[in-house]
There are 2 protein chains.
Amino acid sequence: MDDAGQIQMNREIPAKSLKTPTTVSPELQRSISGMAAAAAAGGGLPVGWAPQNAAEWKAVIAQMDAQALSVAPAIKAMFPHTSELRQIAGVTVREITPSTLDPAKAGKLLVHFHGGGYVLNGGEASTGEAVLGAHYSGMKVISVDYRMPPEHPFPAAVDDAVAVWRVLRADRPAAAMGAFGTSAGGGLTLALALKLKELGETLPGALALGTPWADLTGASDSYQVNAHVDGIFSNFDGFGKGMAELYAGAAGVTHPLVSPVFGEFSGFPPTVFVTGTRDILLSDTVRVYRAMRTAGVTARLEVHEAMSHAEYIYAFDAPESAVAFQDIAQFFDEHLKG
Amino acid sequence: MDDAGQIQMNREIPAKSLKTPTTVSPELQRSISGMAAAAAAGGGLPVGWAPQNAAEWKAVIAQMDAQALSVAPAIKAMFPHTSELRQIAGVTVREITPSTLDPAKAGKLLVHFHGGGYVLNGGEASTGEAVLGAHYSGMKVISVDYRMPPEHPFPAAVDDAVAVWRVLRADRPAAAMGAFGTSAGGGLTLALALKLKELGETLPGALALGTPWADLTGASDSYQVNAHVDGIFSNFDGFGKGMAELYAGAAGVTHPLVSPVFGEFSGFPPTVFVTGTRDILLSDTVRVYRAMRTAGVTARLEVHEAMSHAEYIYAFDAPESAVAFQDIAQFFDEHLKG
């Protein structure tokens, strides 16, 4: 018992061997089995390990970004688009125009923030999800290549997001613009909206948060329940915690613009959430969803069977990926005005 | 590889010790720790065990129903109500009238189906959730004490549900009535609506499905991922599978009125789902939710942090329980007409 007379008892879970479920599409089964095979072969970063200095961070970032970029040709072939490199308010962005551009939505625009723990997926590796979002929505997407550690910890990413947002907003109504992103990109989408609210500025017309990294303290229950279960973000301890601390820097991981689960969401625009039952950020996602519902925000929660963290981006040939992005596109169609 | 050249690779999860998370209320923490303590003490049914004949089933049913009934006084004290025993179409029901009855909703009625794997929680043990539903909605609830195995396997429960429904519907519009239930009660709510659709009869105005037992074949991914993690329904193998087969009988577990995940949901009324991140039926829940969305049904999904299967019924002093039932009450307020 603790001081309050509360029992604090751990729950012991025996080792288990998870089959690839038959309840998902063959394509998603292939993704799940492929990740299991990679884990069995000892692939990925060592459990519990994190870089110890800027040089080690840069080496692992370069290696992982190259790996992320290796799928770009397959995405390009399946989702034809053009990508134009631009600078907005001094921030590097890529303007993604899908070949499926819907002229009826020409007045609307999506703003995208890539994932990767505020550390990975910078540069050309940043746009995979933006391309999928553009394809399924038929809308132009501005994908923000925000500054990141080790050189640029918090609040650089939030500052870049706000700076780009202000320029885009000068040209069109805020209500015509949606913001979206997955993982750290979902967290940064939340941080942008919290910061705009703090500044008394107009928020986007709607948000789409893919398995948002909302609690960088590691307290969410799914960090333990889905540890090793999630095939993409398999452990918070080690590399995940290292990214959290590298990003937060002096502000600390409990700052509400670093860990938006500690934010206050009244007045937020309609928001859709996407996660999966194997997602290590399942709890981060449902906790923010619940906080928004409590604050009276129009919110929708989508949870996909057997899906790991952000797997709808990587298993982009799976029908579940199409459904995830179609849900987001439909939500923007319902809520953006322009 | 299998015949289709598909990799089938298991994912190995090491043993783990789950802390009680700090991300839920003190009351829910107490519930989670209490279940962990009971598991550590060797409480509950032996893993993998199921009764082998009717006499063994009856013995374990009597023991577990007595345990369920032991919390009735605490529920009665916290949620004052009257319970009137009635017969409708030859089926035993209990009419629950909460002390919080809202006269503005006098034209509306809720119909409740209890959980317990189609085997447990018959008789006086059946009404705990009905009382909570009545309290938080301010509405009268008819709780159906449907026939169960070992004497009465499928389709007795569905037949009883349809028979009661027809009598209630003769007195008021179907659109003024909501149907709800948890676990097997959620599965039976689905089976009732599927059967009414098959018969060409009018469906309820709205449904509330608490962690519905929708796939009695055991294929859902959360059966393996949340095995041992869930503090209430900890393992499908053994007792769970035994209940499934005892209930299904000759119809088999793939019959869509036994495992409604195999049903077709077009034309269904608005439906709200409630589950938790530790729920062994998380996958059953999200799979039916997704099938309804695909069928164009208005559906809402609520997932509670760190909650086990149906824990919102048992941890009825937790604020999370109140939120779960308030969500359901609000959903019925929005969608029932009468």
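Residues numbered from 1 in each chain as written. Chains lettered and ligands numbered in written order. Predicted model: local features only at pLDDT ≥ 70, side-chain atom pairs only at ≥ 80, totals over all residues.

**Q** What am I meant to see in the overall build of chain A here?
**A** Helix and strand counts for chain A stand at 11 helices and 10 strands. Against the globule reference of 20 Å for 338 residues, chain A gives a C-alpha radius of gyration of 19 Å, in line with a compact fold. With respect to the principal axes defined by its C-alpha atoms, chain A has extents near 55 × 50 × 40 Å. Within chain A, buried positions represent 56% of all 338 residues. Taking all contacts inside chain A whose residues are at least 6 apart in sequence as the whole, residues at least 24 apart take part in 80%. (Helix = DSSP H or I, 4+ residues; strand = E, 2+ residues; numbered from the N terminus. Rg over C-alpha atoms; globule rule 2.2 N^0.38 Å. Buried ≥ 20, exposed ≤ 12 C-beta atoms within 10 Å, placed from the backbone. Contact = placed C-beta atoms within 7 Å.)

**Q** I tried to follow the interface of chain B and chain A on my own but got confused; where do I start?
**A** Interface size is often expressed as the accessible area that is lost when the parts come together. At the junction of the two partners, chain B supplies 47 residues and chain A supplies 48 residues. By the bridge criterion, 3 bridges tie strand 2 (residues 16-18) of chain A to strand 1 (residues 11-13) of chain B in an arrangement that is antiparallel. If you follow A:Ser17 over to strand 1 of chain B, its bridge partner there is B:Glu12. (Pairing = 2+ DSSP bridges.)

**Q** I would appreciate a short explanation of the sheet that holds strand 10 (residues 299-304) of chain B in the present structure.
**A** Strand-to-strand pairing in sheets goes through backbone hydrogen bonds, with the strands running parallel or antiparallel. All names here are of chain B. Taken in spatial order, the 8 strands line up as 3-4-6-5-7-8-9-10 in an open sheet, and their pairing is mixed. In the strand order of this sheet, the two ends are held by strand 3 (81-88) and strand 10, each with one partner. The mean inter-strand angle of the sheet, taken between neighbouring strand axes irrespective of direction, is 20 degrees. Inspection of the sheet shows strand 3 paired to strand 4 (residues 91-98) by 8 bridges, in the antiparallel sense. Bridge pairing in strand 4 places Ile88 opposite Val91. (Axes fitted to C-alpha atoms, helices over the stretch in contact; angles between N-to-C directions.)

**Q** Explain unusual backbone geometry to me, please; I cannot follow it from the model alone.
**A** The phi angle of most residues is negative, glycine excepted, and most peptide bonds adopt the trans form. The peptide bond linking A:Pro149 to A:Pro150 adopts the cis configuration, its omega dihedral lying at 5 degrees. Turning to its location among the elements, A:Pro150 is positioned in the loop between strand 6 (141-144) and helix 5 (156-171). Non-glycine residue B:Ala89 carries a positive phi angle of around 55 degrees. Note on placement: B:Ala89 falls in the loop between strand 3 and strand 4.

**Q** I keep staring at the relation of the copies chain B and chain A and nothing clicks. Help me out?
**A** The relation between the two copies of this chain is a rotation about an axis and a shift parallel to it. When chain B is brought onto chain A, the operation consists of a screw motion whose angular component is 180 degrees and whose axial shift is 0.0 Å, with 0.0 Å RMSD remaining. What we have between these two chains is a two-fold relation. Judged by C-alpha distance, B:Ala15 is the residue of chain B that lies nearest the rotation axis, at 1.9 Å. Mapped onto chain A, 100% of the interface residues of chain B again fall at the interface, so both copies present the same surface. (Least-squares fit on C-alpha atoms with pLDDT ≥ 70 in both.)

**Q** It is not clear to me how the environment of A:Gly249 should be interpreted in this structure. Could you clarify?
**A** Residues and elements named next belong to chain A. In this structure, Gly249 sits in the loop between helix 8 (236-248) and strand 9 (271-276). Using a count of 17 C-beta atoms within 10 Å as the deciding quantity, one classes Gly249 as partly exposed. Sequence spacing of Gly249 and Met148 is 101 residues, and the spatial spacing of their C-alpha atoms is 12 Å. Among residues more than four places away in sequence, those in contact with Gly249 are Pro153 and Phe154.

**Q** How should I be thinking about the nonpolar core in this particular structure?
**A** Inside soluble globular proteins, nonpolar side chains tend to come together where they are buried. A:Ile328 and B:Ile328 are the most contacted members of the largest nonpolar core, which totals 203 residues. Contact partners of B:Ile328, with chain neighbours within four places excluded, come to B:Gly133, B:Phe180, B:Ala208, B:Val272 and B:Val274. (Core = buried A, V, L, I, M, F, W, Y, C linked by C-beta atoms within 7 Å.)

**Q** Help me understand the sheet that holds strand 6 of chain A, please; the structure alone is not making it clear to me.
**A** Residues and elements named next belong to chain A. A sheet is described by the order of its strands in space; here 8 strands give the open sequence 3-4-6-5-7-8-9-10, paired in mixed fashion. Pairing within the sheet leaves two strands with one partner each, and these edge strands are strand 3 (81-88) and strand 10 (299-304). Averaged over all pairs of adjacent strands, the angle between strand axes in this sheet comes to 20 degrees, irrespective of strand direction. In this sheet, strand 6 lies alongside strand 5 (residues 109-113) in parallel orientation, the contact comprising 4 bridges. Its bridge partner lying in strand 6, Leu110 is registered against Val141.

**Q** How do you make sense of the packing of helix 5 of chain A against helix 6 (residues 184-199) of chain A when you look at a structure like this?
**A** All names here are of chain A. Viewed as axis vectors pointing N to C, helix 5 and helix 6 meet at an angle of 65 degrees, and their least axial separation amounts to 9 Å. On the basis of the axis angle, helix 5 is roughly perpendicular to helix 6. With respect to the hand of their crossing, helix 5 and helix 6 are arranged in right-handed fashion. Contact residues: Ala157, Val158, Ala161, Val162 and Trp165 in helix 5; Leu188, Ala191, Leu192, Lys195 and Leu196 in helix 6. The residue makeup of the contact of helix 5 with helix 6, split by class, is 9 nonpolar, no polar and 1 charged. (Parallel < 35°, antiparallel > 145°, perpendicular 65-115°, else oblique. Left-handed = near helix turned anticlockwise from the far one by under 90°. Nonpolar A, V, L, I, M, F, W, Y, C, P; charged D, E, K, R; others polar.)

**Q** Even after reading the chapter, I still don't get the pairing of strand 4 of chain B, so can you show me in this structure?
**A** Taken residue by residue, a regular strand's side chains alternate between the two faces of the sheet. All names here are of chain B. The turn joining strand 3 and strand 4, which pair antiparallel and follow one another in sequence, is formed by 2 residues; a positive phi near 55 degrees is taken by Ala89. The pairing of strand 4 with strand 6 (residues 141-144) spans 4 bridges and is classified as antiparallel. Its bridge partner being in strand 6, Arg94 is matched across the sheet by Ser143.

**Q** I keep staring at helix 4 (residues 128-137) of chain A and nothing clicks. Help me out?
**A** The periodicity of an α-helix, 3.6 residues per turn, causes residues three or four positions apart to be oriented the same way. Across the 10 residues of helix 4 of chain A, 10 count as buried, placing the element largely inside the fold. Backbone geometry just downstream of helix 4 of chain A places A:Gly138 in the positive-phi region, at approximately 70 degrees.

**Q** Could you clarify how one ought to interpret the pairing of strand 8 (residues 206-210) of chain A in this entry?
**A** Residues and elements named next belong to chain A. The buried count for strand 8 comes to 5 of 5 residues, which makes it a mostly enclosed element. Taking every second residue as pointing to the same face, both faces of strand 8 are buried, with Ala206, Ala208 and Gly210 on one and Leu207 and Leu209 on the other. Of the strand pairs in this sheet, strand 7 (residues 177-182) and strand 8 are connected by 5 bridges, and their pairing is parallel. From the neighbouring strand, Gly178 faces strand 8, where its bridge partner is Ala206. Crossover connection from strand 7 via helix 6 to parallel strand 8: handedness right-handed. Relative to strand 9, strand 8 runs parallel, the two sharing 4 bridges. Each residue of the ladder has a partner; that of Leu209, found in strand 9, is Phe273. (Right-handed = clockwise from strand over helix to strand, strands pointing away.)

**Q** Explain the environment of A:Leu216 here, please?
**A** All names here are of chain A. Inspection of the secondary structure puts Leu216 in the loop between strand 8 and helix 7 (222-225). Separated by 186 residues in the primary sequence, Leu216 and Arg30 place their C-alpha atoms 30 Å from one another. Setting aside anything within four residues of it in sequence, one finds Leu216 in contact with Ala244, Ala248, Val253, Val258 and Ser259.

**Q** Help me out: how do you make sense of the environment of B:Ile313 in this one?
**A** Residues and elements named next belong to chain B. Its location among the elements puts Ile313 in helix 10 (residues 311-314). C-beta crowding within 10 Å serves as the criterion here: with 26 such atoms nearby, Ile313 is assigned to the buried category. It is 11 Å that separates the C-alpha atoms of Ile313 and Ser31, two residues lying 282 residues apart in sequence.

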